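# Close look at the chain arrangement
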Amino acid sequence: MPRVFMPGARAYTFSKEEHLCRKKLIDELFGRGSSFGLYPLRMVWLPLAEPTTAPPQVLISVSKRTFKRAVDRNYLKRLLREAYRLNKHLLTEAAGGHRVGQLALIYTGKEKKPFTVVQNKLISGLERLLRTTEAGSVPNNATPPAV
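These lines cover the structure that appears in this document, whether it is placed above or below. (Residues numbered from 1 in each chain as written. Predicted model: local features only at pLDDT ≥ 70, side-chain atom pairs only at ≥ 80, totals over all residues. Heavy atoms only, no water.)

What follows covers the overall build of the chain. The helix and strand inventory of the chain stands at 4 helices and 4 strands. Starting at the N terminus and walking to the C terminus, you meet the elements of the chain as α-β-β-β-α-α-β-α. In the chain, buried positions account for 37% of the 147 residues. Of the contacts formed within the chain by residues at least 6 apart in sequence, a portion of 83% connects residues at least 24 apart. Total accessible area on the chain is roughly 8800 Å²; 55% of this is exposed by carbon and sulfur atoms. (Helix = DSSP H or I, 4+ residues; strand = E, 2+ residues; numbered from the N terminus. Buried < 20%, exposed > 50% of the residue type's maximum accessible area, 1.4 Å probe, protein only. Contact = heavy atoms within 4.5 Å. Areas by Shrake-Rupley, 256 points an atom, 1.4 Å probe, with all protein chains shown as cover.)

Here is the structure:
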């Protein structure tokens with residue numbers, strides 16, 4: 001049965017186009033990006049010059065040094081992906097758009113946290129990100145607009 005898109009309905013998806021995969025973009029994100037931490041998460045983001053309503057490209061990472069077993073790392077990455085998928089509308093539906101071009105979500109905790117904790121911290125982080133990148137303020141390291 002084909003999916004029918006209803007006007008006003010949110011698309012709770014996390015498509016391949018939204019994944020940050022290119023090494024050049026990842027190096028640029030960590031080289032020029034700004035960051036802040038909300039334990040057990042750390043967010044690194046690279047601003048855009050102009051506001052947009054398109055979702056940013058997202059990288060999700062869990063440290064191999066902290067979580068030796070792949071099953072634990074994969075579990076935490078799934079938690080982060082699901083929390084982002086369900087709450088990315090905070091960015092995409094923001095009044096006036098958002099200025100986040102690329103975003104890295106890094107799990108920095110030393111122990112596995114339940115989904116509700118991770119989700120609440122992610123929501124707080126996305127709200128803080130929106131306040132940081134308000135439509136009127138362009139950060140110093142923002143990419144200049146195309147002329």
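Counting 25 residues, the largest nonpolar core has Leu103, Leu105, Tyr107 and Leu122 as its most contacted members. The set of elements that each furnish at least two residues to this core consists of β2 (41-52), β3 (57-62), α2 (70-87), β4 (98-107) and α4 (115-132). Core analysis: the second largest hydrophobic core is formed by 9 residues, Ile26, Val44, Ala104 and Ile106 among them. (Core = buried A, V, L, I, M, F, W, Y, C linked by side-chain atoms within 4.5 Å.)

Among the secondary structure elements, Glu17 is positioned in the segment before α1 (23-32). We classify Glu17 as exposed; its relative accessible area is 62%. Residues Glu17 and Pro55, spaced 38 residues apart in sequence, show a C-alpha to C-alpha distance of 9.4 Å. Among the polar contacts made by the side chain of Glu17, one reaches the side chain of Ser15 at a distance of 3.2 Å. (Polar contact = N/O pair within 3.5 Å; in protein donor to acceptor, adjacent residues only side chain to side chain.)

Read these as spatial facts, not as claims about activity.
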